[in-house]
Amino acid sequence: MLLELESVVSGYGDAIIVHGVDMQMEDGEVVTIIGPNGAGKSTLLKTVVGVVEAREGSVQFNGTDLAGKPPEEIVEYGMCYVRQNDNIFPNLSVMENLKMGAWPAEGKDWFDFDDRLDEVYDQFPVLEERAEQRAGSLSGGQQQMVAMGTAMILDPDLLVLDEPSAGLAPQLVDEMFEKIVEINEAGTPILMVEQNARAALRRSDRGIVLDMGENRFQGTGEELLDSEEVAELYLGTD
Amino acid sequence: MVLDPQLVWNGLVVGSIISVSALGLTLIFGILNFINIAYGDYMAAGAYVAWAVNAQAGLPIGVAIVAGILVMSVGSVVLDKLVFQHFRTRSPITLLIVSIGVAFFIRNLLRAIWGPSGHFYDLPMEASPSFAGVRFSVEQVAIIVVSLLLLLGVYVMLRRTRIGIAMRAASDDRMLSRIRGVDTEKLVLYVWLIGGAIAGLSGIMLGLDAQIRPNMGFTALIAIFAAVILGGIGDPKGAVAGGYFIGVAQEVSVAVIPSEYKFGVGLVALIIGLLTRPDGLFGEATR
Ligand SMILES: Nc1ncnc2c1ncn2[C@@H]1O[C@H](COP(=O)(O)OP(=O)(O)OP(=O)(O)O)[C@@H](O)[C@H]1O
Ligand SMILES: [Mg+2]
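The numbers attached to residues start from 1 for each chain and follow its sequence in the written order. Chain letters and ligand numbers both follow the written order, the letters beginning at A and the numbers at 1. Reporting of local features is limited, given that this is a predicted model, to residues whose pLDDT is at least 70; pairs of side-chain atoms are given and counted only at 80 or more, and all residues count toward the totals for whole chains, interfaces and linings. For the side-chain quantities, the full set of heavy atoms in the structure was used; hydrogens and water were omitted.

Chemist: Which residues make up the site of ligand 1, and what values do they have?
Modeler: All names here are of chain A. Nearness is defined per residue: one heavy atom within 4 Å of the molecule or strand is enough. Surrounding ligand 1, one finds 14 residues, the nearest of these being G38, K41, S42, T43 and Q195. For this analysis, a polar contact is any N or O atom pair within 3.5 Å, provided that within protein one partner can donate a hydrogen and the other can accept it, and provided that sequence-adjacent residues contribute only side-chain to side-chain pairs. Side-chain polar atom of K41 to an oxygen atom of ligand 1: 2.8 Å apart, as the coordinates give it. Across the complex, the protein chains shield 60% of the 640 Å² of accessible surface that ligand 1 would expose by itself. Helix numbering and strand numbering both begin at the N terminus, where a helix is a DSSP run of H or I of at least 4 residues and a strand a DSSP run of E of at least 2. The leading source of residues in the shell around ligand 1 is helix α1 (residues 41–49), at four residues. Classification used: nonpolar for Ala, Val, Leu, Ile, Met, Phe, Trp, Tyr, Cys and Pro, charged for Asp, Glu, Lys and Arg, polar for all others including Gly. Residues of the shell around ligand 1, tallied by class, amount to four nonpolar, seven polar and three charged. Exposure was quantified through the Shrake-Rupley algorithm and a 1.4 Å probe, taking into account, for residues, occlusion by the shown protein chains and nothing else.

Structural data, given as structure tokens:
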């Protein structure tokens, strides 16, 4: 088991948002969390990566319980997170953003920045073209590439993506999903939240429906796509 | 109107001091996100420590300057541990108010130890040479050169070093820098070490240019804030440009308004800046 959540409870101040969520994920998988606006999808991801503290329950990752650890420690376990919004340093150049992605590994002998950079440039060629440009000056789609590339520099054991296709022009959405499949096929497991639920589930090994901070359905991507109940309640008619 | 070169020169000297102190203040703001009102009093404390080493203990001014810088560098970290750290998660307003308390404490401590009257450094007497009708002192030349070197050094640090890039990243978005793995508490430590050292140095430069008094730094704060805000708060390059601008504007104004009012220039620049350029001289784009 790569990632295993057990009865995770979390929230902000007095507001409990995630009410005891369980989930499991195997190495190599793509798992997508879907659900209505405000269901707590982002909050659940934030809890997994330590941005929001787990109040109860456990977050086992590769056999270590990460619950209660701060984000700067969790990234050292090989879990890299791309936030839903504001996921780059706008006043840093693209290259500097990528260097920040390598922060936990810098100086470690197993890590070679230039090797990883080559690989990330292969995946996201636009980053090489724009390396010296201020990241905040790029288009929304390119900024999303910077964010993904920054998370991929470490060659993570798990890539956590919050709505990677949000705000992208329609033709870029497909491109983004192809990228995600490509990254996964190259060996990186992916846990993501998506509003483009059908497109995401089609490319996922498994899906989870989160509603009101609880998981309502779990199954393979196909099972969720085929379920009438899920379709009616959560997939809309796209 | 023809600019009097002497006034421009004086403005460059004052502008250097304002630039350096504004840079220190803006670095601290970038990471800690609060306006440290005590910064002017850190400057004064640096000036006094150097004065004690120089005039009271009789050591050369070079040694005194290093002592003043080191004491303020370490002193800033100590003050952070004793005071500011406990309010880290509170609102910027709370921190601002706490820093007003720290400011009063330092100023009155200086007054209690060294008295309310002014002091001067014990400097070797040198003639003031003149060039193209501008009279200048060795201290003034030193202030300008040292300021430029320091500004260059900080620029290189922020652009080229790992820690410097992380400081800019944390100043952009502190939580995102933690997500990328930065231990921001460690950054806070470095930023106090550097910001405190810069405060000490700029206080000493202020003391070299004028005189050493308990409220010397506090009086300079308006001009420093004006530079920081004019430059775009948290933008180091803007703070430096703002500093030189305010310094020159303040000194050149003496040609047209009574010199007691020259400190008002900073205030006016501050107000005009806030009204017309709320994002600073360069906007967000050059940070
Ligand atoms: N930083 C915060 N402080 C307080 N409440 C928050 C915060 N972030 C989110 N919330 C609240 O938590 C609830 C769940 O938000 P969350 O962002 O997790 O939902 P989501 O499922 O990701 O929604 P969306 O599809 O809109 O991204 C919402 O009611 C939201 O208002
Ligand atoms: Mg969300």
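Chemist: Break down the pairing of strand β2 (residues 15–25) of chain A for me, with residues and values.
Modeler: Residue and element names in this part refer to chain A. Relative to β2, strand β1 (residues 3–12) runs antiparallel, the two being bridged by eight bridges. Counterpart to L3 in the pairing with β2 is M25. The turn joining β1 and β2, which pair antiparallel and follow one another in sequence, is formed by two residues; a positive phi near 55 degrees is taken by G13. Paired strands are those between which DSSP finds at least two bridges.

Chemist: Describe the coordination of the magnesium ion (ligand 2), with residues and values.
Modeler: Octahedral metals with six donors have ideal donor angles of 90 or 180 degrees. Tetrahedral metals with four donors have an ideal donor angle of 109.5 degrees. Water is not part of the atom set, so a site may look incomplete; the donors themselves are N, O and S atoms within 2.8 Å of the metal, or 3.2 Å for Na, K and Ca. Protein coordination of the magnesium ion (ligand 2) is provided by S42 of chain A (OG) and Q84 of chain A (OE1), with donor distances spanning 1.9 to 2.2 Å. One end of the pair, S42 of chain A, is in helix α1; the other, Q84 of chain A, is in the loop between β6 (79–82) and α3 (94–101), with 42 residues separating them in the sequence.

Chemist: Could you give an account of the packing of helix α2 (residues 39–56) of chain B against helix α3 (residues 61–82) of chain B, naming the residues involved and the relevant values?
Modeler: All names here are of chain B. Lines fitted to the C-alpha atoms define the axes, with helices restricted to the stretch that makes contact. Angles between their N-to-C directions range from 0 to 180 degrees. At a closest axis distance of 8 Å, the pairing of α2 and α3 adopts a crossing angle of 140 degrees. It follows from the interaxial angle that α2 and α3 lie oblique. Handedness of the crossing formed by α2 with α3: right-handed. Seen from α2, the contacting residues are Y42, A45, G46, V49, A50, V53 and N54; seen from α3, they are I61, V63, A64, I65, A67, G68, V71, M72, S76 and L79. Class assignment of the residues belonging to the contact of α2 with α3 gives a composition of 13 nonpolar, four polar and no charged. The labels follow the angle: roughly parallel below 35 degrees, roughly antiparallel above 145, roughly perpendicular from 65 to 115, and oblique for the rest. Two helices that cross are described as forming a left-handed crossing if the nearer one is turned anticlockwise from the farther one by less than a right angle, and a right-handed crossing if clockwise. Contacts are assigned to residue pairs that have any heavy atoms within 4.5 Å of one another.

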